[in-house]
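# Commentary on secondary and tertiary structure
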Amino acid sequence: MPLTRDEDIRALLEETRTIAMVGASDRPNRPSNGVMLLLQRHGYRVIPVNPQITGEHIHGEFVFRDIGQIGVPIDMVDIFRRSEQAGEAVDAAIAAGAKSVWMQLDVVDEAAAARAEAAGLKVVMNRCPAIEIRRLGLAPVA
């Protein structure tokens, strides 16, 4: 069952340090670009994943082709993809040993969520971590 209670979402955001952002964009007008910047300013390391701009940099971070290429432990995979494409990112998060997957606003894939939960990952769907951080009044991570 995806996390919905404030205390569960708060705990997840407080224990997370490294986030792989699937669908990160280098275009400043894209929501993922602004969310990445806000998360970085809040103390998270956000590693962008986008096969179309692999090797570029977004907000000082190297853009990887896929999650499996990253090579450092990932706490959360933040998914900025359409719902029908979210399952692929969830499966990659499971394979990479991520601790959680977060599907952005309007991104819902019940089957992928069930696979993630069965593999022991925490799941959030149809929410934005940047909005939740502000709404919950979370302090920056150390």
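Residues numbered from 1 in each chain as written. Predicted model: local features only at pLDDT ≥ 70, side-chain atom pairs only at ≥ 80, totals over all residues. Heavy atoms only, no water.

## A look at the overall build of the protein chain
Scanning the protein chain from terminus to terminus reveals 5 helices and 7 strands. If you list the helices and strands of the protein chain from N to C, you get α-β-α-β-β-β-β-α-β-α-β-α. The globule rule puts the C-alpha radius of gyration for 142 residues at 14 Å, and the 14 Å found for the protein chain is close to it. Overall size of the protein chain, expressed as C-alpha extent along the three principal axes, is 35 × 30 × 25 Å. Of all 142 residues assigned to the protein chain, the portion counted as buried reaches 48%. Taking all contacts inside the protein chain whose residues are at least 6 apart in sequence as the whole, residues at least 24 apart take part in 57%. If you sum the accessible surface of the protein chain, you get close to 7,000 Å²; carbon and sulfur atoms cover 50% of it. Counting 16 positive and 19 negative side-chain charges, the protein chain places the averaged centre of each group 4 Å from the other. (Helix = DSSP H or I, 4+ residues; strand = E, 2+ residues; numbered from the N terminus. Rg over C-alpha atoms; globule rule 2.2 N^0.38 Å. Buried < 20%, exposed > 50% of the residue type's maximum accessible area, 1.4 Å probe, protein only. Contact = heavy atoms within 4.5 Å. Areas by Shrake-Rupley, 256 points an atom, 1.4 Å probe, with all protein chains shown as cover. Lys, Arg positive; Asp, Glu negative; His and termini not counted. Charge placed at Lys NZ, Arg CZ, Asp CG, Glu CD.)

## Notes on helix α2 (residues 31-41)
Along α2, the residues classified as buried are S32, N33, V35, M36 and L39. For α2, the angular spread of the buried residues around the axis is 165 degrees, confining them to a single face. Exposed positions of α2 whose direction lies more than 90 degrees from the buried face are P31 and R41. After α2 finishes, the residue G43 shows a positive phi value of roughly 105 degrees. (Arc of directions from axis to C-beta.)

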